[in-house]
Amino acid sequence: MIEQIKFMKPFVIGICGGSGSGKTTLLKKISSHFGNDNVSVFTMDNYYYPIEQQQKDKNGIVNFDLPTALDEQKLSNDLANLVSGNTVQVKEYFFNSPPNKNVLLTITPKKIIIVEGLFLFHYVQVNQMLDFSIFVDVDLETQLDRRIYRDQESRGYDESDIIYQWNNHVTPCFKNYIEPFKEQSSFIYRNDKNSEKDFTSLMETLSEKTITIK
């Protein structure tokens with residue numbers, strides 16, 4: 001008789017926060033803490049529609065900061081498959097990169113799955129799959145400074161374009177689709193002078209959730 005191996009559902013951690021709040025940095029710290037071999041990373045940014053399918057604002061500027069900017073159904077289906085123990089493939093997304101140039105990523109299910117993205121809570125199907133959720137909290141001024149640095153260095157944007165997007169796209173997105181869920185999260189991580197203290201507390205809290213890494 002062939003002995004069946006019982007599937008152990010992974011522990012799903014969600015990380016949300018505004019643009020420039022430090023979601024990716026926190027994700028890397030958590031992955032390092034538990035060991036990268038034990039963690040699968042699921043980044044919602046990889047599900048953006050091509051630029052020609054994006055909505056434009058009243059001035060004809062593409063708005064990437066809307067829930068409709070991502071393929072919510074494919075995103076939810078892929079995450080559900082991963083949580084169920086199946087390997088998924090998705091093209092890694094880079095802003096201003098042609099879709100045919102993006103690398104195909106293979107994500108394998110592991111003991112812990114970390115889901116990171118702006119609309120983590122807004123997408124109902126995704127929210128329902130989370131075992132633990134983290135809201136990365138930092139003041140808007142710091143977020144803007146980080147956004148300006150990132151978009152100038154890695155994307156070559158003019159500061160005036162960055163400020164326009166911040167005022168007309170990013171801030172309304174934060175107010176409508178991110179901030180309202182702050183108090184519903186399992187843990188509010190203050191990414192400021194309290195970050196190290198909060199990280200220690202976060203790890204203690206996660207340990208209490210019976211995450212066992214052997």
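The structure we're discussing is the one just above.
In this text the structure is predicted, and so the values were computed from the model without any measurement.

A. Inspection of the pattern of salt bridges at higher detail. The full count for this structure, using the stated rule, is eight salt bridges. K74 serves as the salt-bridge partner of D78, at 3.2 Å between the closest nitrogen and oxygen. Of this pair, D78 and K74 both sit in helix α2 (residues 72-83), four residues apart, which is roughly one turn of the helix. On the basis of relative accessible area, D78 is assigned to the buried category, the value being 9%. Across the salt bridge formed by K182 and D137, the nearest N and O atoms sit 2.9 Å from each other. Of this pair, K182 sits in the loop between α5 (159-178) and β7 (187-190) while D137 sits in strand β6 (residues 132-137), and the two are 45 residues apart along the sequence. By relative accessible area, K182 is classed as partly exposed at 22%. Overlapping salt bridges bring together R147, R150 and D151 as one network.

B. Expanded view of the pairing of strand β1 (residues 11-17). Extensive coverage of β1 is indicated by the burial of seven of its seven residues. Across five bridges, the pairing between β1 and strand β5 (residues 112-116) is parallel. By the bridge assignment for β5, G14 is matched with V115. Here β1 runs beside β6; their pairing, made up of five bridges, is parallel. The residue of β6 that forms the bridge with I13 is F132.

C. The side chain of S76, seen in detail. Residue placement: S76 occurs in helix α2. When its relative accessible area of 2% is taken as the criterion, S76 is described as buried. Leaving out residues up to four positions away in the same chain, S76 has contacts with Q125, V126 and M129.

D. Local environment of the environment of C173. The residue C173 is located in helix α5 in this model. Along the sequence, C173 and F119 sit 54 residues apart, while their C-alpha atoms lie 9.4 Å from each other. When neighbours within four sequence positions are excluded, C173 is seen to be in contact with D65, F119 and I178.

E. How the structure looks around the pairing of β5. For β5, the tally of buried residues reaches five of five residues, placing the bulk of the element in the interior. The side-chain alternation of β5 yields two buried faces, one formed by I112, I114 and E116 and the other by I113 and V115. Strand direction decides the pairing type here: strand β2 (residues 39-43) and β5, joined by five bridges, are parallel. Of the residues in β5, the one forming a bridge with V39 is I112.

Definitions and limits used
- Residues numbered from 1 in each chain as written.
- Predicted model: local features only at pLDDT ≥ 70, side-chain atom pairs only at ≥ 80, totals over all residues.
- Heavy atoms only, no water.
- Salt bridge = Lys/Arg side-chain N within 4 Å of Asp/Glu carboxyl O.
- Helix = DSSP H or I, 4+ residues; strand = E, 2+ residues; numbered from the N terminus.
- Buried < 20%, exposed > 50% of the residue type's maximum accessible area, 1.4 Å probe, protein only.
- Pairing = 2+ DSSP bridges.
- Contact = heavy atoms within 4.5 Å.

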